Amino acid sequence: MEHIDFSLIDWSRAQFALTALYHWIFVPLTLGLSFIIAIMESLYVKTGNPEWKRITKFWMTLFGINFAIGVATGIILEFEFGTNWSNYSWFVGDIFGAPLAIEGIMAFFLESTFIAIMFFGWNKVSKKFHLLSSWLVAIGSNLSALWILVANGWMQNPLGMHFNPDTARNEMGNFWEVLLSPVAVNKFLHTITSGYVLASIFVIGISAWYVLKKRHVNLAKRSMVVAATFGLIASLYLVFTGDGSAKQVAKHQPMKLAAMEGLYYGSDNAPLVAIGVLENTKKPYEEDFLMDLPIPGGLSFLAFGNMNAFVPGIHDLVHGNKEHGIISYNEKIEMGKKAIDALAAYKTLKKENKTDEAAAQLKIFEANFKYFGYGYYFGHNPHELIPPVKLSFYAFHIMVGLGTYFILFFALILYFNLKNKIENKGLILRLAVWTIPLAYIAQEAGWIVAEVGRQPWVIQDLMPTIAAVSKIDSSNVIITFFLFLAVFTALLIAEIKILLAQIKKGPGNLIESSTKN
Amino acid sequence: MIRKIINFYKEGFLSMEVGKKLWLIIGIKLFILFIVLKLFFFQDFLSSKFDNNKAKSDYVLEELTNLNK
């Protein structure tokens, strides 16, 4: 594969990772804060207390800042698909077209219509219609996420499609199978719930700062109760969705699970590493733990709901394990190569109008299509199919560790608020402020687990990055990488500056208008 | 009805405080994304090379089947 430009692949991957990670700074806050605002406004409509309106309007302003700065940052990912990943874009065919079109329509109609009412409609539409608009913005933005995550879920576990060898495109076979894929459903629930957790922490952190500064204390305490309750429920539910996601990963992406846990050799009663430090070794893919705290049977239970179940390790997956019916990567590479060669032969025979021979090749192709992507590693070391273990391992453990901390955090904040003691807990209030960046770290770690853990696959087992990339000049990708870095950093600085200015200003300017309705 | 909707948006935009700054950021951002980046750096690779779907299919098939030869 001398002609494959690995620098182009690496820069294209780096650019996609950069854009996705920056985009994901803005999205989860929108997903969660929209619901928190809707809950606050519901309290206003139910109680008629103008203080709840003031609270709603204050958080709505922060929501608006985040929404405005984050909007359209995701469109760049679509640009990159068409330019840097054209083989992939063509190959996915209408599988992406349908969900992304629905997302576009939904985002346009629900968000653009009802966001306008949400911001401009105070005193102009009835209280109930305004409240309905706020809920529809929350539901609409979360449903937008659904379609994107359905597309992502399909990449992690492609199903419900049929590959057309004449057009080189996947065609939708069963829309409902794609939409209701357990991978996609779990991914959607896990992702949006994590957004609720982040938004709750955001509200609590800012409220804690107000309490520390003895400003807007009433607003801050009420906001904390709503956010801590919402956050506690969401973080507990996150455990279930995380468990569901882990089971799907174990079923469809066992290599990702092995990398997440640094599991090199599979075993029955496989331990879950609660805390671990992988050693630095020059031997590839042989890192052992310098120190670890294993929970016996934990990984077997997490993966299969059975403490004694066998969990395959990296070696089992690469070299195969006959006892457990796992075929080796070399066997998969052979089958993938057969599929690629059969597709090439089919194409040639069809051009020559040799229909019977073409049909025979098509049969071979279809029989081996499941491992199509492995064929691109023919003549390569199968170790190239192992994702970065350390990055996957640490990202997973940071995400899980922080997720566990967030449950305790919400419980603590809620407890001291309900006991009316939060004002005297300076340490906890300071902790709440510093938990905001931790929530963002957990979010990004989650995406690193999801995306780095499945490398080198763009579409699991069907298309690796080496086959997906466009033949373009890598210097173009390098230039745009730094352009994006500059644009996104500027946007992030603008967001932080405007948010901080608004937070310092507080809801004071909203008091007057809030008493009108 | 249409006038009501137009007035609704007009009054909303005019009464914005933080929003004006945000719209400026959105405008600059969309200009950079759709005018600078999309036009000069992110042309659709296949559409820039081929006029029709048949040609695109043939090219991708060729790419997928000849990559490791």
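Position labels on residues start from 1 in each chain and follow its written sequence. Working convention: letters from A go to chains and numbers from 1 go to ligands, in the order in which they are written. Local features in a predicted model are, by the rule used here, given only for residues with pLDDT of at least 70; side-chain atom pairs are given and counted only at 80 or more, and totals for whole chains, interfaces and linings are based on all residues. Side-chain numbers here rest on the full set of heavy atoms in the structure, without hydrogens or water.

**Brief notes about the side chain of E63(B)**
Quick note on the threshold: For the purposes of this entry, the term helix denotes a DSSP run of H or I that reaches at least four residues, the term strand denotes a run of E that reaches at least two, and both are numbered from the N terminus. Burial classes: relative accessible area under 20% of the type maximum marks a residue as buried, over 50% as exposed, and values in between as partly exposed (1.4 Å probe, protein chains only). The contact criterion used is simple: two residues touch if any of their non-hydrogen atoms lie within 4.5 Å.
For E63(B), the position within the fold is in helix α4 (residues 53-66). Taking relative accessible area as the criterion, E63(B) reaches 9% and is therefore assigned buried. Here E63(B) is in contact with N87(A) and K471(A), once residues within four sequence places are set aside.

**Examining the interface of chain A and chain B**
Defined as follows: By convention, the term buried area covers the 1.4 Å-probe accessible surface removed from two parts as they join, with the contributions of both added. A pair is scored as a salt bridge if a Lys or Arg side-chain nitrogen falls within 4 Å of a carboxyl oxygen belonging to Asp or Glu. Counting of polar contacts relies on pairs of N or O atoms within 3.5 Å, with two restrictions inside protein: one atom must be capable of donating a hydrogen and the other of accepting it, and residues adjacent in sequence are counted only when both atoms are side-chain atoms. Residue polarity is assigned by list, with Asp, Glu, Lys and Arg as charged and Ala, Val, Leu, Ile, Met, Phe, Trp, Tyr, Cys and Pro as nonpolar; anything else, Gly included, falls into the polar class.
With 60 residues of chain A in contact, the opposing surface of chain B contributes 39 residues. Carbon and sulfur atoms make up 73% of the surface buried where chain A meets chain B, a total of about 4200 Å² over both sides. The largest contributions to the chain A side of the interface with chain B come from F79(A), W90(A) and F120(A), which together make up 17% of the buried area. Along the contact surface separating chain A from chain B lie three salt bridges. Put simply, E11(B) and K124(A) hold a salt bridge, and the shortest N to O gap is 3.3 Å. Here chain A is connected to chain B by 13 residue pairs in polar contact (both at pLDDT 80 or more). Broken down by secondary-structure element, the contributors of at least two residues to the side of chain A that touches chain B are α2 (50-70), α3 (75-84), α4 (86-92), α5 (94-120), α13 (329-351), α17 (465-468) and α18 (474-505) of chain A. Broken down by element, the side of chain A that touches chain B gets its largest block of residues, ten residues, from α18(A). Here the side of chain A that touches chain B is built from residues that sort into 33 nonpolar, 19 polar and eight charged.

**Here we look at the environment of T30(A)**
Residues and elements named next belong to chain A. Relative to the helices and strands, T30 resides in helix α1 (residues 6-47). Looking at T30, the relative accessible area reads 10%, which means it is buried. Filtering out sequence-adjacent residues up to four positions away, T30 remains in contact with F63, N66, F67 and S141.

**A few points about the domain arrangement of chain A**
For the record, the criterion: Domain delimitation follows an automatic or database domain assignment.
We note that the domain assignment places domain 1 (6-253 + 387-509), domain 2 (265-324) and domain 3 (331-383) within chain A. Centre-to-centre, using C-alpha coordinates, domain 2 of chain A lies 34 Å away from domain 3 of chain A.

**Details of the pattern of salt bridges**
Residue and element names in this part refer to chain A. The tally for this structure, following the rule as stated, stands at twelve salt bridges over all chains. For D10, the salt bridge identified is with R13, shortest N-O distance 3.7 Å. With a gap of three residues between them, D10 and R13 both fall in helix α1, about one helical turn apart. The class of D10 is partly exposed, set by a relative accessible area of 44%.

**Re the nonpolar core**
All names here are of chain A. We count it as follows: We define a nonpolar core as any set of buried Ala, Val, Leu, Ile, Met, Phe, Trp, Tyr and Cys residues linked to one another through side-chain atoms lying within 4.5 Å.
Counting 183 residues, the largest nonpolar core has W59, Y88, F202 and F372 as the members making the most contacts within it. Element by element, the count of residues in this core is highest for α1, at 16 residues. Excluding residues within four positions of it along the chain, F372 makes contact with F91, G336, A339, I340, L343, F365, D461 and L462.

**Observations concerning helix α15 (residues 389-418) of chain A**
We apply this condition: A helix is expected to span 1.5 Å multiplied by its residue count minus one.
For α15(A), with 30 residues, the first-to-last C-alpha span of 44 Å sits near the 44 Å given by 1.5 Å per residue. Within two residues after α15(A), N420(A) carries a phi angle of roughly 60 degrees, on the positive side.

**Considerations on the packing of α1(A) against helix α6 (residues 127-156) of chain A**
Any two packed helices are characterised by how steeply their axes cross, that is the angle between the axes, and by the distance between the axes. All names here are of chain A. Note the threshold: Axes here mean lines fitted to C-alpha atoms, for a helix over just the part in contact, with angles spanning 0 to 180 degrees between N-to-C directions. An angle counts as roughly parallel when it lies under 35 degrees, as roughly antiparallel when it exceeds 145, as roughly perpendicular when it falls between 65 and 115, and as oblique in every other case. Handedness of a helix crossing follows the sense of rotation of the near helix relative to the far helix, less than a right angle counterclockwise being left-handed and clockwise being right-handed.
Look at α1 against α6: their axes get within 9 Å of each other, and the N-to-C directions meet at 160 degrees. By the criterion of interaxial angle, the relationship of α1 to α6 is roughly antiparallel. Pair α1 / α6 crosses with left-handed handedness. Of the residues in α6, those in contact with T30, L31, S34, F35, A38, I39, E41, S42, Y44 and V45 of α1 are K127, H130, L131, S134, W135, A138, I139, S141, N142 and A145. When its residues are assigned to classes, the contact of α1 with α6 shows eleven nonpolar, seven polar and two charged.

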